[in-house]
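Chains, contacts and geometry: an overview
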Amino acid sequence: MTFVAGAGTMNVDLLYSGLPRVPGEGEELFSSGFAVRLGGGIPATLLNLRGLNVPVALQTAWGDDLFSRFAVEQVRTFGLTPVNLWQGGGIPLNVSTVILTPGDRTFVSYGRGIPPGPDTDRIIFEQSRGAAFVQMGAGSPEVYRRLKGEGAQLLFDTGWSDDLSLERCREQLLLADYYTPNQKEALKITQTDTPEAAAEVLSRYFPRVIVKLDRAGCLIQENGVQRVIPSIPGITCVDSTGAGDAFTAGLLYGLYHGCTFAECVLLGNITGGTCVTGEGCLTRRCTEEELLRQFREYHSFAE
C-alpha cells in the first residue's frame with residue numbers, strides 16, 4: 001500500500017477567544033476562553049488524512065522545550081510517529097498567539113523553521129520514497145524533483161507573503177502537479193484582479209487549477225472550463241484557522257482514492273468546512289464515515 005508524505009514545521013497555537021477587539025498598546029484585556037492547540041501547516045494536513053485512514057509519513061522538527069513536547073504528544077495521539085529533522089537547540093517550532101474576535105483573527109508568531117541542508121534533504125527523500133503524493137515543504141526543490149522522477153505527484157501551497165510572485169515561486173510551480181492558493185494568494189501571485197483571471201494565468205502551469213474562495217467554495221479550471229464547486233451548506237464559521245490545511249487533506253483523500261478532480265475538490269470543501277466549525281486547526285475533523293456520507297449527500301455539486 002502506498003502513502004502520502006510531507007515535511008514541515010509543527011505549529012503550536014495559544015488561542016485567546018471571546019475578546020471584543022484586539023488590545024492596543026499598553027492595554028490588557030481578559031479573554032473568556034483559552035486553549036493550547038496544535039496548529040496548521042503540513043503536519044495538520046497529514047494528521048487530518050491519518051484520521052481519514054490514509055497512510056501518511058511526516059517529517060518535522062522538535063526539541064526538548066515544552067512546546068515541542070506538547071506537539072509531539074499531540075501527533076502521537078493520532079497513532080503517528082514522525083521523523084525528527086532537527087539537529088540544534090532552542091525551540092524549532094512555530095508558536096503563535098491567536099486572538100479571536102467577532103470579526104477576524106490576529107496572530108503574533110515566533111518561528112525558526114527547519115534549516116535546509118543536505119541532511120534534511122536526504123532524510124526527506126528517504127522517508128518519502130514510494131509515496132503516491134508528497135506535499136512540498138521543508139526540502140529543497142531538488143529533493144522533490146527526485147521524488148517526482150520516481151513517480152510521486154507533488155502538491156504545493158505557498159501561503160501568504162508580501163513578496164509572493166510567479167517569479168519567486170517559479171521553480172516550485174513548474175515542479176508541482178497541484179497548487180492550492182486561496183483567493184488572496186492567487187490574485188497576489190498572478191497580479192490579477194479576479195479569481196477567474198488568476199485561474200487563467202495559473203492554467204499555464206497546471207492542467208487542473210484550484211482557487212479557494214472561502215465561504216463561496218472553490219473555483220476550478222480543467223480543460224479550459226471554469227466552474228465553482230460550492231461550499232457545503234449549513235456551516236457556521238467559528239474559527240477559520242487551519243481550513244486550508246483541512247481542505248488539502250480532503251483533496252488528497254480524493255486523489256489517493258482515484259476520484260475525479262471535481263470530486264476531490266468537493267471532498268476538500270467538506271473537510272475544510274468541517275474544520276471552521278471549531279476553535280483551532282484540529283478540533284473539528286471529519287471521520288471517514290462522515291466525509292463519505294456528506295460526499296454522497298452533496299455529490300451533485302461535483303457533477
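Residues numbered from 1 in each chain as written. Predicted model: local features only at pLDDT ≥ 70, side-chain atom pairs only at ≥ 80, totals over all residues. Heavy atoms only, no water.

1. Here's the deal with the pattern of salt bridges
Applying the stated criterion across every chain yields a total of nine salt bridges. Taking the shortest distance from any N to any O, the salt bridge between Glu27 and Arg21 comes out at 2.8 Å. You can call Glu27 partly exposed: its relative accessible area is 41%. Take Arg21: its relative accessible area is 40%, and that puts it in the partly exposed class. Measuring nitrogen to oxygen at the nearest pair gives 3.3 Å for the salt bridge that ties Glu167 to Arg170. Here Arg170 falls in the partly exposed class, since its relative accessible area comes to 32%. Here the residues in one salt-bridge network are Glu142, Arg145 and Glu171, joined through shared partners. (Salt bridge = Lys/Arg side-chain N within 4 Å of Asp/Glu carboxyl O. Buried < 20%, exposed > 50% of the residue type's maximum accessible area, 1.4 Å probe, protein only.)

2. Concerning the nonpolar core
Core analysis: the biggest nonpolar cluster contains 51 residues, and Val4, Leu49, Phe133, Leu251, Val265 and Leu266 have the highest contact counts within it. Those elements that place two or more of their residues in this core are β2 (11-17), α1 (42-51), β4 (56-60), α2 (66-76), β12 (218-222), α8 (243-256), α9 (261-275) and α10 (288-297). Among all residues touching Val4, those that are not within four sequence positions of it are Leu46, Leu49, Val54, Pro55, Val56, Ala57, Phe133, Leu252 and Tyr256. (Core = buried A, V, L, I, M, F, W, Y, C linked by side-chain atoms within 4.5 Å. Helix = DSSP H or I, 4+ residues; strand = E, 2+ residues; numbered from the N terminus. Contact = heavy atoms within 4.5 Å.)

3. Comments concerning the sheet that holds strand β5 (residues 83-84)
Strands sit in the order β5-β4-β1-β8-β9-β10 across an open sheet of six strands; the sheet is parallel. Single-partner strands in this sheet number two, and they are β5 and β10 (178-179). The strands touched by α8 are β1 (4-7), β8 (133-135), β9 (153-156) and β10; relative to β8, the strand with the most contacts, the crossing angle is about 160 degrees. (Pairing = 2+ DSSP bridges. Axes fitted to C-alpha atoms, helices over the stretch in contact; angles between N-to-C directions.)

4. Points about the sheet that holds strand β11 (residues 208-212)
Across the sheet, which stays open at both edges, the three strands sit in the order β11-β12-β13 with antiparallel pairing between neighbours. One side of each edge strand has no neighbouring strand; the edge strands of this open sheet are β11 and β13 (225-229). Geometrically, the sheet is characterised by an average inter-axis angle of 20 degrees between neighbouring strands, direction not taken into account. With five bridges connecting them, β12 and β13 associate as antiparallel partners. What sits directly across from Glu222, in β13, is Val225.

5. Focus: α9
For an α-helix, 3.6 residues make a turn, and residues three or four places apart therefore share a direction. For α9, spanning 15 residues, the distance from its first C-alpha to its last is 21 Å, which sits close to the expected 21 Å at 1.5 Å a residue. Most of α9 sits inside the fold, with 15 of its 15 residues counted as buried. (Expected span 1.5 Å × (residues − 1).)

6. Quick look at the packing of aromatic side chains
This structure, assessed with the given rule, holds six aromatic pairs. Consider the rings of Tyr178 and Phe261, whose centres lie 6.4 Å apart with planes at 35 degrees: the pair is tilted. Linking Tyr178 in strand β10 with Phe261 in helix α9, this pair joins segments that are 83 residues apart in sequence. Each member of the pair Tyr178 and Phe261 is classed as buried. Seen in terms of ring centroids, Tyr205 and Phe206 are 6.4 Å apart; in terms of plane orientation they differ by 40 degrees. Their pairing is tilted. When its relative accessible area of 2% is taken as the criterion, Phe206 is described as buried. Members of the aromatic cluster, each reached through a chain of ring pairs, are Phe156, Tyr179, Tyr205 and Phe206. Positioned above the aromatic ring of Phe125 is the side chain of Arg146, whose terminal nitrogen or guanidinium carbon lies 3.8 Å from the ring centre. Cation over ring: Lys184 sits above Trp160, and NZ or CZ is 4.5 Å from the ring centre. (Phe/Tyr/Trp six-rings, centres within 6.5 Å; stacked < 30°, edge-to-face > 60°. Lys NZ or Arg CZ within 6 Å of the ring centre and 35° of its normal.)

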